[in-house]
Amino acid sequence: MAQALTRAMRDAMAEDPTVHVMGEDVGTLGGVFRITDGLAKEFGEERCTDTPLAEAGILGAAVGMAMYGLRPVVEMQFDAFAYPAFEQLISHVAKMRNRTRGAMPLPITIRVPYGGGIGGVEHHCDSSEAYYVATPGLTVVTPATVEDAYGLLRASIASDDPVVFLEPKRLYWSKADWRPEAPTVVPGIGKALVRRAGTSATLITYGPSLPVCLEAAEAAREEGWDLEVVDLRSLVPFDEQTVVESVRRTGRAVVVHEAGGFGGPGAEIAARVTERCFHHLEAPVLRVTGFDIPYPPPMLEKHHLPGVDRILDTVARLQWEN
Amino acid sequence: MTVQELPGAGASHRSTQPPAWSPRTDAAPLLPDPEPYRVLGTEAADRLDPELMRRYYAELVRGRRYNAQATALTKQGRLAVYPSTVGQEACEIAAALVLEDQDWLFPSYRDTLAAVARGLDPVQALTLLRGDWHTGYDPREHRIAPLSTPLATQLPHAVGLAHAARLRGDDVVALAMVGDGGTSEGDFHEALNFAAVWQAPVVFLVQNNGFAISVPLAKQTAAPTLAHKAVGYGMPGRLVDGNDIAAMHEVLTEAVRRARSGGGPTLIEAVTYRMEAHTNADDATRYRGDAEVEAWKAHDPVDLLERELTARGIIDEAAIQAVREDAEVMAAALREGMNADPVVDPMDLFAHVYAEQTDRLREQAAMLRAELEAEDQA
């Protein structure tokens, strides 16, 4: 996935001279995860810029650059390091189109490596998506496959709106039979995909939890469950149609994500599925999420992250009896 | 005990010597002068350009009249709120007039007068404060960024825009305005640092008007002056009398010239005073005394210039009268423009959130449309 992200930025920069990559360590080092590897060498330091270490300054400067017609791609090194930039994000990035009645849209892509499962110490593993999806004006996407890493990042850079591009850190090293010379065309932002067809219940998920859900769906076959798995890909806009169609087919739904459950995206999704599928549901919509705790230290994270067993236990509860 | 005397501090305890360190040196003087720079009432006034000063005088009088009219409009309920710049007109006007057409102005919420002096229609400049929309003009058309209400957050935008313009080879300078309170915000520091590292063509203008709402400068900073803050970032800091429009013109022109010629950013502290309350919602008598306000009245920016120009025969009573009449025409037009009820379209709520409407917003727009239709029928 890391190479697909790099390739997406490289192709975008080659096609469009207004695309600029910026952030801490993105130049000479190629980023701490090497996602911007080689871009400074190929396009020069003016197009792939090592900035001072100040996230509000990085994003604030990107706003000014976008006001002048550039398409900045900003790297926030880790999820929790993006927080100093929240005022810029919420007060300016998300609202500039609205404040100016559409006269000044800001085509900024904000790449945020997020989530746990890599043994990172504290402040390196937050699932911060709930903050972003609660902010009108932001588009929020997260790839779970190598094809999507490329396709969604290209779509994000091409978008005339600001996009928070959440990169699941633990999938950086996931591999696929992906040929960068002929990237697969994937659906754009705002379309969810059924990753596994099934009949007895729908797992609704995204980002780092997709592989876990697919594994759980395989394991569930032994229990007699044929699980459908929907990958949201985009949290805002939310593809209600694909989700609703799936749940109406299966009659049961579980939302799975790493972020905490209270006020997490799963709460919104469960509410919407309930509103739209009430008469089709055989059981309440359930959620499997991270606990409502600060992200735990690495030695405890396996107890926090939604795993196959917890998903299967929850699926078993869908055999609802009053 | 000195550091050298502390146990373990001696070089003999090191296994190896640290590599040589050399500080960055710069020939440009960074430290501001100890006193604010002044022109009016000094020998420097001998070199005033009469034509330019007549223009500045007319703009100052119009600016003062604009402030009075806007304040009156709050009393009539035509403006939700107005942060006055009475006493600060010299800063506002000089900031607008030193810029070329292609340059950009980044105002704070208090700086509508600067936007108007740059040529923006006053009604458009006041849209935010009237409440019919957030920004009443196309920023690109006027090269005036939206008025920023969060403090200092527009400063990094100015840096990014100036940097982008330079990358494209365009001759553009960005001038960003902030108050004394805003210099305490993180974005102020990040913007100055970015600008200096990138040598971006930016001018930072701090209007030190004495108070951040009610908090005086002494509780805002321990620095000798706000201009001193420039030093740590590696850019020149300039201290100037913000009520002396000739001094403002010189210092701003020099900073704009430096930025335009690739010399990088400058931080300017204009020492001025907010004669009125923070806004019409504020009670200034709770935090400052009449004596202080009276002392500043004697140093009024309009009077200062009027006295100097009259003494030098650059303007006379007839010219002053003509300028005042011109300001009345502007005020009448502003009154008329603001007295027309703004037309607001409720469906605009959903029109400019995303480039493409989301399903969610389409549903909510339909809900509001139905509510409006029901109201119409009732």
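Before reading on, note that the structure itself is shown above.
The structure contained in this document is the topic of the report that follows. Only a predicted model underlies this, so the values are computations on that prediction, with no experimental measurement involved.

What counts and what doesn't
Residues numbered from 1 in each chain as written. Chains lettered and ligands numbered in written order. Predicted model: local features only at pLDDT ≥ 70, side-chain atom pairs only at ≥ 80, totals over all residues. Heavy atoms only, no water. Helix = DSSP H or I, 4+ residues; strand = E, 2+ residues; numbered from the N terminus. Contact = heavy atoms within 4.5 Å. Areas by Shrake-Rupley, 256 points an atom, 1.4 Å probe, with all protein chains shown as cover. Lys, Arg positive; Asp, Glu negative; His and termini not counted. Charge placed at Lys NZ, Arg CZ, Asp CG, Glu CD. 1 Å grid on protein atoms, 1.4 Å probe; cavity = no way out; pocket = protein on both sides within 12 Å on 5 of 7 lines; lining within 4 Å. Points joined across faces, edges and corners; volume = space filled by probe spheres on them. Nonpolar A, V, L, I, M, F, W, Y, C, P; charged D, E, K, R; others polar. Buried < 20%, exposed > 50% of the residue type's maximum accessible area, 1.4 Å probe, protein only. Pairing = 2+ DSSP bridges. Right-handed = clockwise from strand over helix to strand, strands pointing away. Expected span 1.5 Å × (residues − 1). Arc of directions from axis to C-beta. Buried area = accessible area lost by both parts, 1.4 Å probe. Salt bridge = Lys/Arg side-chain N within 4 Å of Asp/Glu carboxyl O. Phe/Tyr/Trp six-rings, centres within 6.5 Å; stacked < 30°, edge-to-face > 60°. Axes fitted to C-alpha atoms, helices over the stretch in contact; angles between N-to-C directions. Parallel < 35°, antiparallel > 145°, perpendicular 65-115°, else oblique. Left-handed = near helix turned anticlockwise from the far one by under 90°. Core = buried A, V, L, I, M, F, W, Y, C linked by side-chain atoms within 4.5 Å.

The helix and strand inventory of chain B stands at 15 helices and 7 strands. Along the longest, intermediate and shortest principal axes, the C-alpha atoms of chain B span 90 × 65 × 50 Å. Nonlocal contacts in chain B, meaning residues at least 24 apart in sequence, comprise 75% of its contacts between residues at least 6 apart. Accessible area of chain B: about 17400 Å², with a carbon and sulfur share of 52%. Here chain B carries 35 positive and 56 negative side-chain charges, and the mean point of each set is 3 Å from the other.

All right, on to the layout of surface pockets then. What the largest pocket holds in volume is close to 660 Å³. As for the largest pocket, its lining consists of 29 residues, and the residues nearest its centre are Val 133, Leu 235, Val 236 and Arg 272 of chain A together with Arg 360 of chain B. Among the elements of the structure, helix 6 (129–133), strand 10 (234–236), helix 9 (240–250) and helix 10 (265–277) of chain A together with helix 15 (359–377) of chain B are those that each provide at least two residues to the lining of the largest pocket. Taken together, the residues that form the lining of the largest pocket break down as 15 nonpolar, 7 polar and 7 charged.

Attention shifts here to the pairing of strand 7 (residues 266–271) of chain B. Residue and element names in this part refer to chain B. By the criterion of burial, strand 7 is predominantly enclosed, with 5 of the 6 residues buried. Here strand 3 (residues 202–208) runs beside strand 7; their pairing, made up of 6 bridges, is parallel. What sits directly across from Val 203, in strand 7, is Thr 266. Here 5 bridges tie strand 6 (residues 237–241) to strand 7, and the two strands are oriented parallel to one another. Bridged to Val 240 within strand 7 is Ala 270. Handedness of the crossover joining strand 6 and strand 7 through helix 10 (residues 245–260): right-handed.

With that out of the way, let us pick up helix 8 (residues 209–220) of chain A. All names here are of chain A. Taking 1.5 Å per residue as the helical rise, helix 8 with its 12 residues ought to reach 16 Å, and the 16 Å between its terminal C-alpha atoms agrees with that figure. All of the buried residues in helix 8 are Ser 209, Leu 210, Val 212, Cys 213, Ala 216, Ala 217 and Ala 220. The buried side chains of helix 8 occupy one side of the element, clustering within an arc of 160 degrees when seen end-on.

On to the interface of chain B and chain A, then. Taken together, the contact between chain B and chain A spans 42 residues of the former and 46 residues of the latter. When chain B packs against chain A, close to 3700 Å² is buried across both sides, 58% of that on carbon and sulfur atoms. Per-residue buried area on chain B facing chain A is highest for His 157, His 352 and Tyr 354 of chain B; these three make up 17% of the total on that side. Counting every contact that joins chain B to chain A gives 2 salt bridges. Between Glu 268 of chain A and Arg 360 of chain B there is a salt bridge, with its nearest N and O atoms 3.6 Å apart. Ranked by residue count, the leading element in the side of chain B that touches chain A is helix 7 (residues 154–167) of chain B, at 8 residues. Classifying every residue of the side of chain B that touches chain A gives 21 nonpolar, 10 polar and 11 charged.

Turning to empty space enclosed by the protein, a few remarks are in order. Residues and elements named next belong to chain A. Throughout the structure, instances matching the rule amount to 3 cavities of 30 Å³ or more. By volume, the largest cavity is sized at about 50 Å³. As for the largest cavity, its lining consists of Leu 59, Met 76, Ala 82, Ala 85, Phe 86, Leu 89, Ile 110, Val 112, Tyr 132 and Val 164. Put simply, the parts of the chain that give the lining of the largest cavity at least two residues each are helix 4 (86–93) and strand 4 (109–114).

Looking now at the packing of aromatic side chains. Tallied over the entire structure, the rule returns 15 aromatic pairs over all chains. The interplanar angle of 10 degrees and the centroid separation of 5.2 Å between the aromatic rings of Tyr 273 of chain B and Trp 296 of chain B together place this pair among those described as stacked. Here Trp 296 of chain B lies in helix 11 (residues 290–297) and Tyr 273 of chain B lies in the loop between strand 7 and helix 11, a separation of 23 residues in the sequence. Grouped by ring-pair contacts, the aromatic residues Phe 33, Phe 78, Phe 81, Tyr 172 and Trp 173 of chain A constitute a single cluster.

Turning next to the packing of helix 8 of chain A against helix 12 (residues 308–316) of chain A. Residues and elements named next belong to chain A. Where helix 8 meets helix 12, the axes come as close as 9 Å, and the angle between the chain directions of the two elements is 55 degrees. Considering the angle they form, helix 8 stands oblique to helix 12. As for the relative orientation of helix 8 and helix 12, their crossing is right-handed in sense. Contact with helix 8, carried on its side by Val 212, Cys 213, Glu 215, Ala 216, Ala 219 and Ala 220, involves Val 308, Ile 311 and Leu 312 of helix 12 and no other residues of that element. Residues that form the contact of helix 8 with helix 12 fall into these classes: 8 nonpolar, no polar and 1 charged.

Turning our eyes to something else, we now look at the pairing of strand 4 of chain A. All names here are of chain A. Most of strand 4 is tucked away, with 6 of its 6 residues classed as buried. Examined bridge by bridge, strand 3 (residues 71–75) and strand 4 share 3 bridges and lie parallel to one another. Bridging across to strand 4, Val 74 finds its partner in Ile 110. In terms of strand pairing, strand 4 meets strand 6 (residues 163–168) through 6 bridges, oriented parallel. Bridge pairing in strand 6 places Arg 111 opposite Phe 165.

A word on the nonpolar core. In terms of nonpolar packing, the biggest core is built from 88 residues, with Leu 59, Met 67, Ile 108, Tyr 132 and Leu 232 of chain A together with Phe 204 of chain B touching the most fellow members. For this core, the element with the highest residue contribution is helix 3 (residues 55–67) of chain A, accounting for 8 residues. Filtering out sequence-adjacent residues up to four positions away, Ile 108 of chain A remains in contact with Leu 59, Ala 62, Val 63, Ala 66, Pro 72, Val 74, Val 93, Asp 161, Pro 162 and Val 163 of chain A. Residues Leu 40, Tyr 56, Ala 90 and Ala 246 of chain B belong to the second largest nonpolar core, which totals 68 residues.

Below, the discussion takes up the packing of helix 1 (residues 50–75) of chain B against helix 12 (residues 301–311) of chain B. All names here are of chain B. Two numbers describe how helix 1 lies on helix 12: the axes approach to 10 Å, and their chain directions differ by 150 degrees. Relative to helix 12, the crossing made by helix 1 is left-handed. Residues Met 53, Arg 54, Tyr 56, Tyr 57, Leu 60, Val 61 and Arg 64 of helix 1 touch helix 12, and the partners they reach there are Pro 301, Val 302, Leu 305, Glu 306 and Leu 309.

Bringing the pattern of salt bridges into the picture now. Pairing between side chains of opposite charge can happen when the charged atoms of each approach one another. For the coordinates displayed, the defined rule picks out 44 salt bridges over all chains. In this structure, the salt-bridge partner of Asp 148 of chain A is Arg 195 of chain A, at a minimum N-O distance of 2.7 Å. With a gap of 47 residues between them, Asp 148 of chain A in helix 7 (residues 146–158) and Arg 195 of chain A in strand 7 (residues 193–196) connect regions that are remote in the sequence. Classification of Asp 148 of chain A by relative accessible area gives buried; the value is 1%. The class of Arg 195 of chain A is partly exposed, set by a relative accessible area of 29%. The salt bridge partner of Glu 250 of chain B is Arg 47 of chain B, with a shortest N-O separation of 2.9 Å. On the criterion of sequence distance, the pair formed by Glu 250 of chain B in helix 10 and Arg 47 of chain B in the segment before helix 1 is long-range, its members being 203 residues apart. You can call Glu 250 of chain B partly exposed: its relative accessible area is 24%.

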